[in-house]
Each structure stands twice: as structure tokens, then as C-alpha cells.
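What the coordinates show
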Amino acid sequence: MTVARTICLGFLAVITVGTLLLMMPFSTTSGNWNDPIVALFTSTSAVCVTGLSVVDPGTYFSFWGQFFMALLVQIGGLGYMTTTTFLILLIGRKFDLRDKIAIQQALDRPGMSGSNQVIRSIIATTLIFELTGVFLLLPAFVPTYGLDQGLWLAIFHSINSWNNAGFSLFKDNLIGYQTSALVVFTVSGLIIFGGIGYQVILEMYFWLRDRIRKQTKNQVFSLDFKVATSTTLLLLFIGTIAFLGIEFRNPQTFGGMNLWDQFLLAWFQSVTPRTAGFNTIDIGKMTTAGLFITIALMFIGASPGGTGGGIKTTTLRVLTSCTQSILQGKEEVLLYERKIAISLILKAVGVLVGSVATVILSTVLIALTDPKLDFIQILFEVVSAFATVGLSTGITASVSTAAKLVLIATMYIGRVGVLLLMSAILGDPRPTRIHYPEENLLVG
């Protein structure tokens, strides 16, 4: 079995186990067996760290159901191979070559050396950020809900924030805390760091450590770090300004609030599509322009190595750099004075084409199964599922069973990745030594 098939089947196995657990009577507040479609949809959404839900998790699921959801989100955020490798480390078994290759492909690393150290660093980083999120959220939840429930709310929302899932135990998600700077900046901070990638966080840590120790050694940041941080900051800035400009007169979202509260709403709305799914406004009441900008941000998504989805910030930068090179008449694609390999350009194009094809196919299928829905609502739901975001205009629970199954498949494809799934289906690509003659073709 190829590594790609191992990863894809691993996610399916976790989804299956999660479905069985969420179907149990002790997972629901009613004490009855859960609807298989609801359990499957919720399990897929949790493992794929999406956050879309056909029920209200806070009232529909019991504590154990919510616990299983948080556990599935944690496994999904870390990734099947990372979780499996961590368990291998716990039982003391050594890595074989197959394990190292699987970790390399799952984490998209350039080499196989130091796999166990990477896994330990990922687990440690996850625990540090999630525990920090819990302590920061406690003052917001405990005074209202008491210590026990407030602690669980802080744990659940911290896990979902770091893993970019977006499940909330509040009926209105985080709308009740839309003007709470503590909740807004804590959740958005976890979303950003969770989606920016472990490698970027580690590079940032080493840079800060050297500054604190006053070491004069100049650290050279990797291209991944430069592209991920610069693109993330640019998208956050553009998103905040765009939502402020578009929604500030909308009485159902931003209208009537002071400038600071509008900034909090715009900031959070620019963060959450990248790809968390929490919302501090009613998404269904946004303007069409606001919805379309949200769709664009969701489709771009987070950075490689993080817990978010989408086509990734690096893919966007490679494609925009290709366009820039063409307009400037250059034959090489450059990023920060580094040449981008043809193989990476082809991979970026493959990701874009595969992603667009998946979104188009899913949108057409749901338009056929639920013809009464507006196109913008269908497109929003599909992109949210594919990019593992979890934002919704409010139609998730009301769509047909066939549409739910389409969204389930879309979430799964978005989580494992289009190229990895195709590799699992078609098998590993075989290099060829046959070279064909070039010929010009009219393009554009």
C-alpha cells in the first residue's frame, strides 16, 4: 500500500470510529441513538477540522459527545500520521523507513531526518498554545458559567481555535462575545498561529530565543517563513479593510456600532475564513460583496504545515509570482531572490486546478439536489467545506441528505488534499526518461 493510501485510509478509519462513537446513546442529550447521517457529518467535520454542523453541538450532544468531538478535532488537526507517530513514540517503537516516508509526505517536509524530533516539537507546540488559550479564555467564561462548565468551554473552544475547526458550544457561536477583546484576540491569535504552520512557529521561537540571549548570529529565515508570514499579514490587513469598507453601513452586521467594535468585527471576520469557522456576526446577513470576499479568503486558506485548509498561502504566492514573471517578460519565477523550481510551479497549478474542479463539481451537484437554494449560498457552503472552514450562511442543517453527503465528500477531499487523494487512487507517479519535442501553443 502506498503512503498516500495509508494516509487517506487512516483519515477514513478515524472518521468511521468517530461516527460510531457519536451514534451511541451516551453521546446525545436525549439518550437515544443518534441519526447516522448526523453522526457521520459531525465526525467528518471534526476530523477534517471544518466546523460545519447540522445540529447545535452545545444542546444536541452530551458531555461525552462534545468530548469525542474535541478529540476528533485534535486528531484531525494534528493529522493522522502525526497522531499515529506520536503513539509509536509513546510505546517506544523505533521508526522504520516507511514511517519516515509517511511523515515526510504527510507534513510536506523536504527530508526524512529528525522525524521523531519534529513530532515531539509539534505536540509540544500544540499543548503550549492550547493551554495558553484555555487560561486566557477562563476569565471570559467562568464568571458566567461557573468553574466546571467555564473550564470545559475554555478547553473546547481553545482546541477548536488552535486546530482551525470552529465548533462552538454556544447557540449563536461567538456572536455573544463579538465586542469582547479578550475572546476576539485570544481566539483569533490561536487561529492565526494554528494555521500558519509549525515550521514558521519554530523559526520564530529560535529567532526570539537568540534575541533574548543577545546572540549576534544572524538567523536566515527560510523561504517558507517569509512567504507564509508576509502573505498572512497582507491578507489579514486587506481583509480587515475590505470588511470595514463593505459592511460598516450594514445594520444587520456592523451598522450602529462604534469604530472600535466595528474594527473587532472586521478583524475577526478577516481571520476566521483562514480557516476556522467561528463567527461573531450572522454570516447569512452579510452583503453579497462581503460573502464573496469571505469565499475568496476561505479558498486561499492557511499555510502548509498548519491546521487550516484551502489551497494555501504558498500556492497563492507561487501563482501570483508566475503571473508577475510573465508580465515582466522573465523566464524564471522568483520569490525573495530565490528561484522557484518547475516542479513546485506544476504542483501549485495542480492544486489550483484540482481545487477549482472539486468546488465546481460539488456546487453543481448540490444545485441539482437542492435547486431552491441561492447560488451564492451553495458556493459559500461548498468552499467552506472544501477549505475546511466551517462558516455557513445557515443552510447546513436544512439541505437534503444527498447534499449533506456531497459536503461530507468535499470536506474529506479538502482535508487530505486533492493531489494526495489522486496519488492514493492512481498510485505513485512513475518518472519517465522520454522527452518530446517542444511546440508553440496559443495561450490567453
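Just so it is clear, the model here is predicted, and its values are computed rather than measured.

Parameters and conventions
- Residues numbered from 1 in each chain as written.
- Predicted model: local features only at pLDDT ≥ 70, side-chain atom pairs only at ≥ 80, totals over all residues.
- Heavy atoms only, no water.
- Helix = DSSP H or I, 4+ residues; strand = E, 2+ residues; numbered from the N terminus.
- Contact = heavy atoms within 4.5 Å.
- Areas by Shrake-Rupley, 256 points an atom, 1.4 Å probe, with all protein chains shown as cover.
- pLDDT = per-residue confidence, 0-100.
- Core = buried A, V, L, I, M, F, W, Y, C linked by side-chain atoms within 4.5 Å.
- Buried < 20%, exposed > 50% of the residue type's maximum accessible area, 1.4 Å probe, protein only.
- Phe/Tyr/Trp six-rings, centres within 6.5 Å; stacked < 30°, edge-to-face > 60°.
- Polar contact = N/O pair within 3.5 Å; in protein donor to acceptor, adjacent residues only side chain to side chain.
- 1 Å grid on protein atoms, 1.4 Å probe; cavity = no way out; pocket = protein on both sides within 12 Å on 5 of 7 lines; lining within 4 Å.
- Points joined across faces, edges and corners; volume = space filled by probe spheres on them.
- Nonpolar A, V, L, I, M, F, W, Y, C, P; charged D, E, K, R; others polar.
- Salt bridge = Lys/Arg side-chain N within 4 Å of Asp/Glu carboxyl O.

Examining the overall build of the protein chain
The helix and strand tally for the protein chain stands at 17 helices and two strands. Sequence separation of at least 24 residues holds for 69% of the intrachain contacts in the protein chain that already meet a minimum separation of 6. Entry remark: accessible area of the protein chain is about 21700 Å², with carbon and sulfur atoms responsible for 66%.

Comments concerning the confidence of the model for the protein chain
Confidence in the prediction for the protein chain averages 88 pLDDT; 90% of positions are at 70 or higher. Mean pLDDT across the elements of the protein chain bottoms out in helix 5 (residues 80-91) (57) and peaks in helix 15 (residues 375-386) (96).

Brief notes about the nonpolar core
In terms of nonpolar packing, the biggest core is built from 95 residues, with Phe-141, Val-187 and Met-298 touching the most fellow members. Broken down by element, the residue count for this core peaks at 10 residues, all from helix 7 (residues 115-162). Not counting the four nearest positions on each side in its chain, Phe-141 is found in contact with Gly-146, Gly-150, Leu-153, Ala-154, His-157, Phe-170 and Tyr-177. Ile-122, Trp-162, Leu-190 and Val-200 belong to the second largest nonpolar core, which has 13 residues in total.

A few points about the environment of Leu-344
Looking at the secondary structure, you find Leu-344 in helix 14 (residues 342-369). Separated by 26 residues in sequence, Leu-344 and Val-318 place their C-alpha atoms 8.2 Å apart.

Overview of the packing of aromatic side chains
Here the distance between the centres and the angle between the planes together describe a pair of aromatic rings. Applying the stated criterion across every chain yields a total of 22 aromatic pairs. Taking the centre distance of 5.3 Å and the plane angle of 35° together, the rings of Phe-129 and Phe-193 count as tilted. Of the two residues, Phe-129 sits in helix 7 while Phe-193 sits in helix 8 (residues 181-196), which places them 64 residues apart along the sequence. Ring geometry for Tyr-205 versus Phe-206: centroids 5.3 Å apart, planes at 55°, classification tilted. What links up through ring pairs into an aromatic cluster is the set Phe-26, Phe-63, Trp-64, Phe-67, Phe-68, Trp-152 and Phe-156.

Overview of the side chain of His-157
Relative to the assigned elements, His-157 resides in helix 7. For His-157, a relative accessible area of 1% gives the class buried. At 3.4 Å, the side chain of His-157 forms a polar contact with the backbone nitrogen of Leu-169. Leave out the neighbours within four places in its chain, and His-157 touches Leu-137, Phe-141, Phe-167, Ser-168, Leu-169, Phe-170, Leu-174 and Phe-278.

Some thoughts on the layout of surface pockets
A volume near 540 Å³ is recorded for the second largest pocket. Ser-53, Lys-171, Asn-173, Asn-279 and Ser-392 are the residues nearest the centre of the second largest pocket, which is lined by 27 residues in total. A per-class count over the lining of the second largest pocket returns 10 nonpolar, 13 polar and four charged.

Structural notes on the side chain of Ser-384
Mapped onto the elements of the fold, Ser-384 is located in helix 15. Beyond its immediate chain neighbours, meaning those up to four positions away, Ser-384 contacts Thr-50, Leu-52, Met-298, Val-389, Gly-390 and Leu-391.

What about the pattern of salt bridges?
The tally for this structure, following the rule as stated, stands at four salt bridges. The salt bridge involving Asp-210 is made with Arg-209; its shortest N-O contact spans 3.8 Å. Among the ionic pairs, Glu-332 bridges to Lys-339, the shortest N-O distance being 3.7 Å.

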